[in-house]
Each structure stands twice: as structure tokens, then as C-alpha cells.
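# Reading the structure
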Amino acid sequence: MQHVTSADGTPIAYDRTGEGPAVVLVGGAFGDRREPTLAGLAALLAPSFTVCVYDRRGRGDSGDVHPYAVEREIDDLAALVAALGGEALVFGGSSGGALALEAAARGLPITRLAVFEPPYVTDPARPPLPGEKELTALVESGFRDQAVELFLTGGADLPAEMVAQMRAQPFWAAMEDVAHTLAYEAAVVGPGPVPAERLAGVGVPVLVLAGSESSPRMRDAAAAVTAALPDARLHTLEGQAHGALDPAALADLLTRFFTA
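Anyway, here's the lowdown on the structure attached to this text. This one's a predicted model, so the numbers in the text were calculated from it and none came from an experiment.

### Description of the side chain of Arg33
By the element assignment, Arg33 lies in the loop between β3 (22-26) and α1 (36-45). Look at Arg33 and you get buried, because its relative accessible area is 6%. Once residues within four sequence positions are removed from consideration, Arg33 is found in contact with Met1, Ala13, Tyr14, Asp15, Ala39, Val53, Tyr54, Asp55 and Asp61.

Set out below in C-alpha cells:
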């Protein structure tokens, strides 16, 4: 484990492995740098790339500063890219993909970007996603379990019955431990719609990925993101789904895209 210091002084923990062009992997909700999909992907990319997997602020071995701002997370990514030599290829999954898109739109030295299903909402009839203030209020009131439940049902669209079963599992406590960061995900993604105006400012090639087994919402969001970007193509990963992504299904595709 290594650390880099972000612009506001927050230490950001990361693992670095492999040799070659720099690749940064950006995780989504609940996970840290040890999350199996990202860790597995890092191992598969390491023979061809220098791969950085990091703990986003507020989780794992990274620090945190309040109040939260999306710009600080972009600064975190900028510090990592600087530590890796000044430019990098980037992959972001779910809300980590939304964060990576925001960073690219701000002009970070990202040479190519791949994202898997940034979880925006394209259906105007759907209720807004759980908001930053709502999730923060639950956590600050001591209702971390309710924040997790709201995020899963209202944000990730899991059935209430499934979430009730998850509460009885050993991993639920770990989800509650990072409940405060769910508001960060809400801030990154926003109330739902694809931020087309900002994405129009992304000046690098982008590979947008969707799973054939994902919900229509996720596939529709991927298509809308592709349409909003100046230089993007959409690729469907057969047999893959949001929250159930096989690193091996990604590694070869990313290697070809990153070396094109």
C-alpha cells in the first residue's frame, strides 16, 4: 500500500502493480481497493500496464474531509495520475464511472477512458435517486442501516425483500461501515439525468460498457452516455450485469481499447 496526498491534504491509499502505461481503476459504491472485481481486473491487466487501484476518500485506508465535494474526489484522481507520471488510462465502474467522466470533463490528463454502466436515470417518470442530503441526514442521525437500505432500494433498484435478506448476512456490517460514502455517490451521479452538457466537454476517446443481463435502466443510461460524448462507442458485454461483473470479461477488451 502507498499513499498520495490530495489537494486538500487528504491521504489517498492505493496499490500499484505491474509495468507499462498507467491505468487507474475507479470503484463504485461500497467497495474499496480490495473489492474482488477491481482487484481481479488489476491482476489481469498487470502484465501489460502499471495498474493503480485506490480507496476512494472516506473508505478503506484513505482519509476524508468534511464537507464533501465532488471536486475533491476529482482532485484525488488528479493526484494519483500525477504520481503515476502525469497521464493515465482510466476505467470506472458504476458511480466510479460517473466520477471518471466528471474528471475527464474537467480536463484531467486522462488519455483514454472506459466506463461500465454509470447509474444515471433516463426515464423522466421514475422518482429521483436518493439525494446527498437525505443520505447524509440518515447517517448523521445514527440510521446507517436505513441509509444503506434506501440506497439499495431507491438507487440500485433492489427489491425490498432482497435487501431484507441481505441484512441477515455477515457483509451487511461492512456496508454500514461505509454508509457515509453513499451520499458521495449520490453527489457524483446527481438526481438522475445524464449530465449531457458536461459530458460534451470530454475530449478523449471513451468506451462505454453495458451488460446484456443488466436492467433496462442501466443499458439505457449507457446508451445515453454514449450519445452525449463527442468520441464514444458502446459495447455490450454478454452475460454480464450490474453488480455481477466478471473481471475476465473486461480485461481483454480493456487491453485492446487502451492500446489502440
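What follows continues from the structure just given.
### Let's talk about the pattern of salt bridges
For the structure on display, the rule yields 18 salt bridges. Arg33 is the salt-bridge partner of Asp55, the closest N and O atoms lying 2.5 Å from each other. Taken together, the residues span a long stretch of sequence, with Asp55 in the loop between β4 (50-54) and α2 (70-83) and Arg33 in the loop between β3 and α1 at a distance of 22 residues. With its nearest N and O atoms 2.7 Å apart, the salt bridge here joins Asp76 to Arg57.

### Topic: the nonpolar core
By size, the foremost hydrophobic cluster in this structure holds 61 residues, and its most contacted members are Val24, Tyr54, Leu101 and Leu113. Look past the residues within four positions of Leu101 in its chain and what remains in contact with it is Leu113, Val115, Pro118, Tyr120, Leu199, Val202, Val206, Val225 and Leu229.

### A word on the packing of helix α4 (residues 132-140) against helix α5 (residues 144-155)
The N-to-C vectors of α4 and α5 enclose an angle of 155°; their axes lie 7 Å apart at closest approach. Viewed along their axes, α4 and α5 adopt a mutual orientation that is roughly antiparallel. With respect to the hand of their crossing, α4 and α5 are arranged in left-handed fashion. Along the contact surface, α4 presents Glu134, Leu135, Leu138 and Val139, while α5 presents Arg144, Gln146, Ala147, Leu150 and Phe151. Tallied by class, residues from the contact of α4 with α5 come to 6 nonpolar, 1 polar and 2 charged.

### With respect to the layout of surface pockets
Looking at the largest pocket, its volume works out to about 1100 Å³. Looking at the lining of the largest pocket, the elements that each hand over two or more residues are α1, β5 (88-93), α5, α6 (160-166), α8 (182-189) and α10 (216-228). Tallied by class, the residues present in the lining of the largest pocket amount to 22 nonpolar, 13 polar and 5 charged.

### With respect to empty space enclosed by the protein
Within this structure, the stated rule accounts for 1 cavity of 30 Å³ or more. The space that makes up the largest cavity amounts to roughly 30 Å³. Around the largest cavity, the lining residues are Gly27, Gly28, Gly31, Asp32, Leu38, Tyr54, Arg56 and Arg59. The residue inventory of the lining of the largest cavity, partitioned by class, reads 2 nonpolar, 3 polar and 3 charged.

### A word on the packing of aromatic side chains
Scanning all chains against the criterion turns up 4 aromatic pairs. Between Phe30 and Phe151, the ring centres sit 5.7 Å apart and the planes meet at 85°, which makes this aromatic pair edge-to-face. Here Phe30 is found in the loop between β3 and α1, whereas its partner Phe151 is found in helix α5, with 121 residues between them in sequence. Look at Phe151 and you get buried, because its relative accessible area is 14%. On the basis of an interplanar angle of 80° and a centroid distance of 6.1 Å, the ring pair of Phe49 and Phe258 is categorised as edge-to-face. Residue Phe49 is found in the loop between α1 and β4, and its partner Phe258 is found in helix α11 (residues 247-258); the two are separated by 209 residues along the sequence.

The rules we used
Each chain carries its own residue numbering, running from 1 in the written order of its sequence. Owing to the predicted nature of the model, reporting of local features is limited to residues with pLDDT of at least 70; listing and counting of side-chain atom pairs is limited to 80 or more, with chain, interface and lining totals taken over all residues. Only hydrogens and water are removed before side-chain values are computed, so all heavy atoms of the structure are retained for them. We count a stretch as a helix when DSSP gives it H or I for four or more residues in a row; a strand needs E for two or more, and each element gets its number in order from the N terminus. Buried means the residue's accessible area, taken with a 1.4 Å probe over protein chains only, is under 20% of the maximum for its type, while exposed means over 50%, and partly exposed covers the values in between. In what follows, residue pairs with any heavy atoms lying within 4.5 Å of each other are defined as contacts. A pairing counts as a salt bridge when a side-chain nitrogen of Lys or Arg comes within 4 Å of a carboxyl oxygen of Asp or Glu. Think of a nonpolar core as a cluster: buried Ala, Val, Leu, Ile, Met, Phe, Trp, Tyr and Cys residues, connected wherever their side-chain atoms sit within 4.5 Å. Geometry is summarised by axes, namely lines fitted to C-alpha atoms with helices restricted to the contacting stretch, and by angles between N-to-C directions that run from 0 to 180 degrees. For classification purposes, an angle smaller than 35 degrees is called roughly parallel, one larger than 145 roughly antiparallel, one from 65 to 115 roughly perpendicular, and anything else oblique. By convention the crossing between two helices is left-handed if the near helix lies anticlockwise of the far one by an angle smaller than a right angle, and right-handed if it lies clockwise. Put simply, Ala, Val, Leu, Ile, Met, Phe, Trp, Tyr, Cys and Pro go in the nonpolar bin, Asp, Glu, Lys and Arg in the charged bin, and everything else, Gly too, in the polar bin. Of the two site types, the cavity is a set of points on a 1 Å grid over the protein atoms alone where a 1.4 Å probe fits but cannot get out, and the pocket is an open set with protein on both sides within 12 Å along at least five of seven lines, each lined by residues with an atom within 4 Å of a point. Grid points are joined across faces, edges and corners, and a volume is the space filled by probe spheres set on the points. In this analysis, rings of Phe, Tyr and Trp, with Trp reduced to its six-membered ring, are considered paired at centre separations within 6.5 Å, and the interplanar angle assigns stacked below 30 degrees, edge-to-face beyond 60, and tilted for intermediate values.

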